[in-house]
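Listed here are the chains, written in short residue letters.
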Amino acid sequence: MSDERPEKPLPELRASDADRDRVVERLRDAVAEGRLDMEEFEERLDAAYKSRTYAELEPLTRDLPAVPGAAAGPAGLPAAAAAGASWPASRIGGAGSSSTAVAVMSGFQRKGRWTVPARFNAVAFWGGGEIDLREANFAEREVVITCVAIMGGIQITVPPGVEVDVRGLGVMGAFDQGDSPGPTLPGAPRVVVTGFAFWGGVEIKVKPPKPLPGSPKEL
């Protein structure tokens, strides 16, 4: 009797972090090309990071044309000669643009192109604040954002691929990391969120970067 096992069907093989990263990169390109709107992109992005097998990943790019010159990988996934995508080195380093944000019965925003310092302090007292890191640069590989929310709220938005470490304390309040950032990109910054929330909250969300101006379909 032969002890050879039948080969496992390819779609049932476990996908790697690099496989998921390549699918995410193709989805981002599809947004810039105007093939997907942001709602579709966010749905597929969430599914990609939750996928465990090629069978779960393959449908996410099935209706998208292959990138010219790219080789096809298992189950129709795009393959790259090198390993998965990495965080741009140009987005690490430099002086922080702003180190403090305060909202007292008002609000604040830190968004767009800015440089997150090694230590950033945010306070919301009977007010609200928004800290958007999707287009930001980072002064160092690890940055610490200390939030104090008293009868107020602070929302922190990070792009996929960034490592997030939430350490804050909530008393009749909460530090809520509702979304998983998914696999960490090589070289990506680490964002530590700490602080105190009393009758208030600090929420961490994961959202993809907005399409660049001039894309075929800007949403």
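In this report, the structure presented in the accompanying data block is examined. (Residues numbered from 1 in each chain as written. Predicted model: local features only at pLDDT ≥ 70, side-chain atom pairs only at ≥ 80, totals over all residues. Heavy atoms only, no water.)

### Quick word on the overall build of the protein chain
Thinking step 1. What the protein chain contains, in helices and strands, is three helices and 15 strands.
Thinking step 2. Every one of the 219 residues in the protein chain was classed for burial, and the buried ones make up 38%.
Thinking step 3. If you take every contact in the protein chain between residues at least 6 apart in sequence, the share linking residues at least 24 apart comes to 67%.
Thinking step 4. Of the accessible surface of the protein chain, which amounts to about 11600 Å², a share of 53% is contributed by carbon and sulfur atoms. (Helix = DSSP H or I, 4+ residues; strand = E, 2+ residues; numbered from the N terminus. Buried < 20%, exposed > 50% of the residue type's maximum accessible area, 1.4 Å probe, protein only. Contact = heavy atoms within 4.5 Å. Areas by Shrake-Rupley, 256 points an atom, 1.4 Å probe, with all protein chains shown as cover.)

### Some details on the packing of aromatic side chains
Thinking step 1. A full pass over the atoms with the stated rule returns four aromatic pairs.
Thinking step 2. On the basis of an interplanar angle of 5° and a centroid distance of 5.8 Å, the ring pair of phenylalanine 125 and tryptophan 126 is categorised as stacked.
Thinking step 3. With relative accessibility at 34%, the residue phenylalanine 125 sits in the partly exposed group.
Thinking step 4. Ring centres of phenylalanine 198 and tryptophan 199 lie 5.7 Å apart, and the angle between their planes is 0°; on these two criteria the pair is classed as stacked.
Thinking step 5. When its relative accessible area of 29% is taken as the criterion, phenylalanine 198 is described as partly exposed. (Phe/Tyr/Trp six-rings, centres within 6.5 Å; stacked < 30°, edge-to-face > 60°.)

### Quick notes on the pairing of strand S7 (residues 128-132)
Thinking step 1. Counted residue by residue, S7 has four buried out of five residues, so it is predominantly covered.
Thinking step 2. Pairing of strand S4 (residues 107-110) with S7 involves four bridges; the strand directions are parallel. Note that in S7 the partner of phenylalanine 108 across the bridge is glycine 129.
Thinking step 3. Across five bridges, S7 lies against strand S10 (residues 153-158) in parallel orientation. Within S10, the residue paired with glutamate 130 across the bridge is glutamine 155. (Pairing = 2+ DSSP bridges.)

### Some points on the sheet that holds strand S15 (residues 201-206)
To summarise the sheet geometry, strands pair through backbone hydrogen bonds and adopt either a parallel or an antiparallel arrangement.
Thinking step 1. Pairing is parallel in the open sheet, where five strands are placed in the order S4-S7-S10-S15-S13. Both edges of this open sheet fall to S4 and strand S13 (174-177), since each of them pairs with a single strand only. Here the average twist between neighbouring strands, direction ignored, is 10°. (Axes fitted to C-alpha atoms, helices over the stretch in contact; angles between N-to-C directions.)

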